[in-house]
Amino acid sequence: MENKMFELEDNEVCLCDSNRKYKNCCKKRGIQWLHDGKGNAIRKFSLGEELMENFESLKERFT
Ligand SMILES: [Zn+2]
């Protein structure tokens, strides 16, 4: 099954709970946030390391 991931929009609030906009937060530090629109998010580091995390709050935001 294909699992399409979307990058967080620049002006969306960052997923790391900083309450800052993505472009002023993790994106600036070389961390990319991807989500599948179903409550699953991946934090992707410039090193290529990937962390799969489940965010309950995303379910409310993207449904
Ligand atoms: Zn952040």
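See the structure shown above.
Below is a summary of the structure that appears in this document. Every value quoted in this text rests on a predicted model; they were computed, and no experiment measured them.

## Some thoughts on the overall build of the protein
Consideration 1: On a plain count of helices and strands, the protein comes out with 1 helix and 4 strands.
Consideration 2: Walking the protein from its N terminus toward its C terminus, one meets helices and strands in the order β-β-β-β-α.
Consideration 3: Looking at the protein as a whole, 10% of its 63 residues are labelled buried.
Consideration 4: When contacts within the protein are restricted to residue pairs at least 6 apart in sequence, long-range pairs at least 24 apart make up 27% of them.

## Some thoughts on the environment of D10
Consideration 1: Position of D10 relative to the elements: it lies in the loop between β1 (6-7) and β2 (31-35).
Consideration 2: Along the chain, D10 and K23 lie 13 residues apart, while their C-alpha atoms are 4.7 Å from each other.
Consideration 3: Excluding anything up to four places from it in sequence, D10 contacts K21, Y22 and K23.

## Some words on the nonpolar core
Consideration 1: In this structure, L8, L15, Y22, C26, W33 and A41 together form the largest nonpolar core, which totals 6 residues.
Consideration 2: Contact partners of A41, with chain neighbours within four places excluded, come to L15, W33, L34, H35, E53, F55 and L58.

## Concerning the sheet that holds strand β4 (residues 50-54)
Consideration 1: Taken in spatial order, the 4 strands line up as β1-β2-β3-β4 in an open sheet, and their pairing is antiparallel. Unpaired on one side and paired on the other, β1 and β4 mark the two borders of the sheet.
Consideration 2: In this structure, β1 lies alongside β2, joined through 2 bridges in antiparallel fashion. Following the sheet pairing, F6 is matched in β2 by H35.

Cut-offs used in this document
- Residues numbered from 1 in each chain as written.
- Predicted model: local features only at pLDDT ≥ 70, side-chain atom pairs only at ≥ 80, totals over all residues.
- Helix = DSSP H or I, 4+ residues; strand = E, 2+ residues; numbered from the N terminus.
- Buried ≥ 20, exposed ≤ 12 C-beta atoms within 10 Å, placed from the backbone.
- Contact = placed C-beta atoms within 7 Å.
- Core = buried A, V, L, I, M, F, W, Y, C linked by C-beta atoms within 7 Å.
- Pairing = 2+ DSSP bridges.

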